[in-house]
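Analysis of the macromolecular model
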Amino acid sequence: MQSTNNMKHDLNAEPAATGAVTRRSFLTGLALGGAGMAGAAMLGGCAPQAKAPESGEAAQLAETGEPSFMTPPEPVAEADIVNTLETDVLVIGGATAGSITASVAATNGLNVIMIEKNDEARCIGRDFGFVNPKPVLDAGLPRLDPYELTRDHIEKSGHRVCGDVVYRFMTKSEEAGNWFTDKCATWGLHPEVQAYSSNSDFYRNYTHVINYYPEEGRSEDRYGVMKTMLSSMAQEVVDAGGQYLTRTEAVELVRSDDGAITGAICSTDEGYVRINASKGVVLATGDYAANEEMMAYYSGWPLEDIDWPESTGMGEGHKLGLWIGAKMQEAPHPMMLFKAYCYHYLRVNKHGRRYVNEDSGYVGTAVSQLRQPDHISFAIWDSKWPTELPASLEYGGGMAWDQDFRAYGEEWTAEREEESAFGWERDEDEILYEADTLEELADLMGFEGDARETLFATIDRYNELVATGNDEDFGKRPELLTSITEPPFYALDMKTELGVSVGGFITDVDSNVLDEDGSPIPGLYAVGTVTGTLFGVDYNETTVPGISLARNVVFGKGLGEHLASLA
Ligand SMILES: Cc1cc2nc3c(=O)[nH]c(=O)nc-3n(C[C@H](O)[C@H](O)[C@H](O)COP(=O)(O)OP(=O)(O)OC[C@H]3O[C@@H](n4cnc5c(N)ncnc54)[C@H](O)[C@@H]3O)c2cc1C
C-alpha cells in the first residue's frame, strides 16, 4: 500500500466564507467555440470535457436572487437561419440516453436526426443495473421482486420521485436489459456480472451490475466500451437513413401556435439551422453539474471543497425546457455524490472527533462528510484489513464497499484491494498515510494541539467500544467493530466528489415532459439525466446500483418504440 505525506489539509486554516462557491479542482478544457454541422459525422474517441465555471452568473444569483438561466435569450432571427431540415424525430444529445432513443426510433422505421453539440458525445460510466436480466439469473442469483424494489426505492427517495416511472423501470428492466445484452453481443461485447451487492437492510443493493467487455477482456481505456456502444448506435441511426450531426447545439425549442413543440433551432459552424420534427423532440442533454449557477440554485449544498472532476453537464437542456414552461422537479435536487468512502472504518473530522455510524452506503457517507467542518474527514484502520474487509462483506458490502472489477464468483483478494487502493482510484489530492505508531500517523495527518489529543482519545474510545462489542456512541453493528491496534496504521484523507446532478424535468412513463400544470407538453420528451423522476433526496444508488445507465436503456428503448407507435 502506498503512503504519501504531501498536500495535506491545513487543519488550522480559517474556515471558508459561508456560501462561497469555490472548487478544489476543476478540469479545464474544451472551448466549444461556434458549434458547427458535420454532416453525418461519426463518433471517434470520447474524452471527458469540461467548461470553465460561470462565476459572473453565480455572482448575479447571489446579488439578485434571480438566476440568469431562467431568462430566455432573444429568439434567433429568421434571417439568421441558413437551412431547414425535416425529420420525424429530433434527438438532442448523442450520449447513452440519446443514442439509445435515436437508434430504436430509427430501426423502428422513423426518420431520425440526432444532434450533439460537441465533436463527440459524452462518454461515461460502465455499470448497468437492470432488475432480473438474463446474465444475472443465469449466474444463479435469485429473481427479485419488483414490488419490493419499487416500495424500497420510493421510500428511500423520500417520496420525491414519480412512482409510476419507478415502477416502470423496475418492471421493464428485465426485457430492456436482455435486449441491450443481445445488442451488445452484436457489437462484440459480452456481459460480466459484478460481485458487489449489499447485505445491509438499510442500504441494500438488490441487484448485481453488469459490465460489458470485448472478448479480450478489460482494457486500460476506462470508457472504451462506452465508445463502442455509442458509435455503434449512432451508426444504426445513419444506416437506417437518419443523420447524426455533431457540433450542432440546440439553442431554442420551436413551439407551434397550439403549444406543441415542433422542432429546434440549432447553432452550427455554418450558422443557425432549424430542424422540424413531426413526431417529437427529445431532450437527452444530460446534467447541469458543471453549471455553477444552477448548482448554487438547485443543489442545496454549500459547494466549497467538493471535487467536480468529471461532470461536464452545463444544463443546456434544462434551460431549453424551462424557457417553454416544463415542470422542474422541486429543489433541492438530488446529486450523485460519491467517493468519500472507506468501508466501515472509523471516521473522524478535522477536530479528531468521530461523527458518524460508519455502517452506511457510499452516498450516505458522502453526505455525512459534507456536513463536517470544512468537509474534512479521515478514515483510520490498521494492518488487520486483509481479514477484516472480506469478513465485513457479509454484513455491509455493496457498491464501492466491495472490490471494483471483481466478477461474481471471483475470490476477494488483498492484492486486488491494494491495486485499487482501497476501493476507488484515488485523486491526486486524496491521500493515504501509513505509519508504525499512532503519533506518527497523527503527524502525517497534520493534527496538532487539541485536535491531536482528541484524535488519540477518539481512537482509545473506539477501541474500548470494539472490546465490549457494543457501540454505545453511534450504534454500529458489532460485526463491523474492528480495532485499531496492530501497526502499521493507516489514515485516508477522504474527498467528496460530485459525479452528476440528477434533478430535472417531470415526465410521464412514456417520457413525455409535463408542464407546470402537470399536463404533457405535446411533442416534447426527455430521457436520461435531464429528467427528475427517479431520484429524490440523494442519488439513490442503494436499491439498484448502475440505475443511471440502465434507465437510459429502459426509457430510451421505451421512448423510441413509443414514438414509432404514434400515428
Ligand atoms: C465518473 C462517473 C461515473 C459514472 N458511472 C456510472 C455507472 O457506472 N453506471 C451508471 O448507471 N451511471 C454512472 N454514472 C452516471 C451516468 O454516467 C450518467 O447519469 C449518464 O451518462 C447520463 O446519460 P445521459 O445520456 O442522460 O447524459 P450525458 O451522458 O451527460 O450526455 C448528454 C449529451 O448531450 C449533449 N448535449 C447537451 N446539451 C446539448 C444541446 N443543447 N445540443 C446538443 N447536444 C447537447 C452533451 O454534449 C452530451 O454528449 C457515472 C457518472 C460519472 C460522473
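Below: a short report on this structure. (Residues numbered from 1 in each chain as written. Predicted model: local features only at pLDDT ≥ 70, side-chain atom pairs only at ≥ 80, totals over all residues.)

**Points about the overall build of the protein chain**
A count of helical and extended segments in the protein chain gives 14 helices and 16 strands. Taken over 567 residues, the protein chain has a buried fraction of 50%. Long-range pairs, those at least 24 residues apart, make up 78% of the contacts in the protein chain between residues at least 6 apart in sequence. (Helix = DSSP H or I, 4+ residues; strand = E, 2+ residues; numbered from the N terminus. Buried ≥ 20, exposed ≤ 12 C-beta atoms within 10 Å, placed from the backbone. Contact = placed C-beta atoms within 7 Å.)

**Topic: the site of the ligand**
The immediate surroundings of the ligand are formed by 37 residues, with Gly93, Ala95, Gly125, Gly286 and Gly528 found nearest. For the shell around the ligand, the secondary structure elements donating two or more residues are helix H2 (96-107), strand E6 (249-255), helix H8 (316-323), strand E14 (496-501) and helix H14 (547-565). Among the elements that take part in the shell around the ligand, H14 stands out by supplying 4 residues, more than any other. Of the residues in the shell around the ligand, the class split is 11 nonpolar, 17 polar and 9 charged. (Near = placed C-beta within 6 Å. Nonpolar A, V, L, I, M, F, W, Y, C, P; charged D, E, K, R; others polar.)

**A short note on the sheet that holds strand E10 (residues 346-349)**
Overall, antiparallel pairing links the 4 strands, which are arranged E10-E11-E13-E12 in an open sheet. Each edge of the open sheet carries a strand with a single partner, namely E10 and strand E12 (431-435). The average undirected angle you get between the axes of adjacent strands in this sheet is 25°. In terms of strand pairing, strand E11 (residues 377-382) meets strand E13 (residues 489-494) through 6 bridges, oriented antiparallel. Opposite Ile380, over in E13, you have Ala491 as the bridge partner. (Pairing = 2+ DSSP bridges. Axes fitted to C-alpha atoms, helices over the stretch in contact; angles between N-to-C directions.)

**Points about the packing of H2 against helix H6 (residues 224-239)**
Two elements in contact, H2 and H6, have axes separated by 8 Å at closest approach and are oriented at 30°. Of the possible angle classes, the one that applies to H2 and H6 is roughly parallel. The element H2 and its partner H6 pack so that their crossing is left-handed. Touching Ser99, Ile100, Ala102, Ser103, Ala106 and Thr107 of H2 are Leu230, Met233, Ala234, Glu236 and Val237, all from H6. (Parallel < 35°, antiparallel > 145°, perpendicular 65-115°, else oblique. Left-handed = near helix turned anticlockwise from the far one by under 90°.)

**Looking at the environment of Thr507**
Checked against the element boundaries, Thr507 lands in the loop between E14 and strand E15 (512-514). Placed 14 residues apart in sequence, Thr507 and Ile521 show a C-alpha to C-alpha distance of 9.5 Å.

**Notes on helix H13 (residues 449-468)**
For H13, which comprises 20 residues, the first-to-last C-alpha distance of 29 Å matches the rise-based estimate of 28 Å (1.5 Å per residue) to within 8%. Taken together, the buried positions of H13 are Leu455, Thr458, Ile459, Tyr462 and Leu465. In an axial view of H13, the angular spread of the buried residues amounts to 125°, which keeps them on one side of the axis. When the buried face of H13 is taken as reference, the exposed residues oriented beyond 90 degrees from it are Gly449, Asp450, Ala457, Asp460, Glu464, Ala467 and Thr468. Packing partners of the buried residues in H13 comprise E10, E11 and helix H12 (438-445). Of the residues flanking the end of H13, it is Gly469, one or two places downstream, whose phi is positive at about 75°. (Expected span 1.5 Å × (residues − 1). Arc of directions from axis to C-beta.)

**Topic: the pairing of E11**
Counted residue by residue, E11 has 5 buried out of 6 residues, so it is predominantly covered. Sheet topology places E10 next to E11; 4 bridges connect them, and they run antiparallel. By the bridge assignment for E11, Leu346 is matched with Ile380.

**With respect to the nonpolar core**
Counting 139 residues, the largest nonpolar core has Leu90, Ile92, Val112, Ala264, Val282, Ala379 and Ile380 as its most contacted members. Element by element, the count of residues in this core is highest for H14, at 8 residues. Residues contacting Ile380, with those up to four places away along its chain left out, are Tyr345, Leu346, Val348, Ile459, Ile484, Phe489, Tyr490 and Ala491. (Core = buried A, V, L, I, M, F, W, Y, C linked by C-beta atoms within 7 Å.)

**What to know about unusual backbone geometry**
Phi is mostly negative for residues that are not glycine, and the peptide bonds are mostly trans. Residues Ala331 and Pro332 are joined by a peptide bond in cis, for which omega reads 0°. Counting through the fold element by element, Pro332 comes out in the loop between H8 and strand E9 (335-339). The omega torsion of the bond from Pro487 to Pro488 falls at 0°, within 30 degrees of zero and hence cis. The topology assignment puts Pro488 in the loop between H13 and E13.

**Some words on the environment of Val193**
With respect to the helices, strands and loops of the structure, Val193 is situated in strand E3 (residues 189-193). A count of 21 C-beta atoms within 10 Å places Val193 in the buried class. Spatially, the C-alpha atoms of Val193 and Tyr212 are 8.7 Å apart, while their sequence positions differ by 19 residues. Among residues more than four places away in sequence, those in contact with Val193 are Pro135, Val136, Ala139, His208, Ile210, Ala407 and Tyr408.

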